[in-house]
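Structural characterization, general
Here is what each chain is made of, one letter per residue.
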Amino acid sequence: MIKRQDRKLARKRRHRRVRRQVSGTCERPRLSVFRSSKHIYAQVIDDSSGRTLAHASSLEPEVRSLPGSSSSVAAAEVVGRLVGGRALNQGVTSVVFDRGGYIFHGRVAAVAKGARTAGLDF
């Protein structure tokens, strides 16, 4: 049985490996995803200036008013649409996706799908 601490350490290791390759610029910022057991968070980050251009999470009223859990795939897709729309309002049309060391499946893939639905290109 794998201990929780080992899983967290493995995710951090994968995230560092991904971050060596993925970096956001002002032309193509990074769409970063973090998921916890209860919520999911997404940010559009310009790494060259260290600024967050747009953000959304399952803690927002638009997502919390949905029937079901805030940790569901449906909630993650709404978070993706929210962050995508907010990024488009900031003038961002293309991003680099940073899955945060998580497998591109389930809620992480739903955030990506929602952001693509909103009009982001990646």
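Keep in mind the model is a prediction, meaning the values are calculated, not measured. (Residues numbered from 1 in each chain as written. Predicted model: local features only at pLDDT ≥ 70, side-chain atom pairs only at ≥ 80, totals over all residues. Heavy atoms only, no water.)

1. Things to note about the confidence of the model for the chain
For the chain, per-residue confidence averages 91 on the pLDDT scale, and 98% of positions sit at 70 or higher. Helix α4 (residues 107–118) holds the highest mean pLDDT among the elements of the chain, 97, whereas helix α1 (residues 4–21) holds the lowest, 87. (pLDDT = per-residue confidence, 0-100. Helix = DSSP H or I, 4+ residues; strand = E, 2+ residues; numbered from the N terminus.)

2. What about the environment of Ser23?
Locating Ser23 in the fold gives a position in the loop between α1 and β1 (30–35). Along the sequence, Ser23 and Arg35 sit 12 residues apart, while their C-alpha atoms lie 20 Å from each other. Beyond its immediate stretch of four places on either side in the chain, Ser23 contacts Arg28, Asp47 and Val96. (Contact = heavy atoms within 4.5 Å.)

3. Section: the sheet that holds strand β2 (residues 40–46)
Strand order in this open sheet of four strands is β3-β2-β1-β4, and the pairing throughout is mixed. Two strands bound the open sheet, and with one partner strand each, they are β3 (51–57) and β4 (96–98). The mean angle between the axes of side-by-side strands here comes to 20°, regardless of whether they run parallel or antiparallel. Bridge count between β1 and β2: six bridges; the pairing is antiparallel. When the bridges of β2 are listed, Leu31 appears paired with Val44. Contacts from α4 reach β1, β2 and β4 within the one sheet, and its direction differs from that of β1 by about 145°. (Pairing = 2+ DSSP bridges. Axes fitted to C-alpha atoms, helices over the stretch in contact; angles between N-to-C directions.)

4. Quick notes on the pairing of β3
The pairing of β2 with β3 spans six bridges and is antiparallel. Counted as the bridge partner of Ala42 is Ala56 from β3. Counting the residues between successive antiparallel strands, the hairpin from β2 to β3 contains four residues, one of them, Gly50, with a positive phi of roughly 75°.

5. A closer look at the layout of surface pockets
Looking at the largest pocket, its volume works out to about 460 Å³. Forming the walls of the largest pocket are 13 residues, and the residues nearest its centre are Arg4, Lys8, Arg11, Arg35 and Tyr102. No other element matches α1, which puts six residues into the lining of the largest pocket. (1 Å grid on protein atoms, 1.4 Å probe; cavity = no way out; pocket = protein on both sides within 12 Å on 5 of 7 lines; lining within 4 Å. Points joined across faces, edges and corners; volume = space filled by probe spheres on them.)

6. With respect to α4
The end-to-end C-alpha distance of α4 is 16 Å, a good match for the 16 Å that 12 residues give at a rise of 1.5 Å each. Among the residues of α4, Arg107, Val108, Ala109, Ala110, Val111, Ala112, Gly114 and Ala115 are the ones counted as buried. For α4, the secondary structure elements touched by its buried residues are β1, β2, α3 (73–89) and β4. Positioned one or two residues after α4, Gly119 has a phi angle of 120°, which is positive. (Expected span 1.5 Å × (residues − 1). Buried < 20%, exposed > 50% of the residue type's maximum accessible area, 1.4 Å probe, protein only.)

7. Topic: the environment of Phe104
Relative to the helices and strands, Phe104 resides in the loop between β4 and α4. Exposure remark for Phe104: the relative accessible area of 42% places this residue in the partly exposed category. For the pair Phe104 and Asn89, spaced 15 residues apart in the sequence, the C-alpha separation amounts to 26 Å.

8. Focus on the environment of Glu27
Turning to its location among the elements, Glu27 is positioned in the loop between α1 and β1. Judged by its relative accessible area of 63%, Glu27 is exposed. Residues Glu27 and Val83 lie 56 residues apart in sequence; the distance between their C-alpha atoms is 17 Å.

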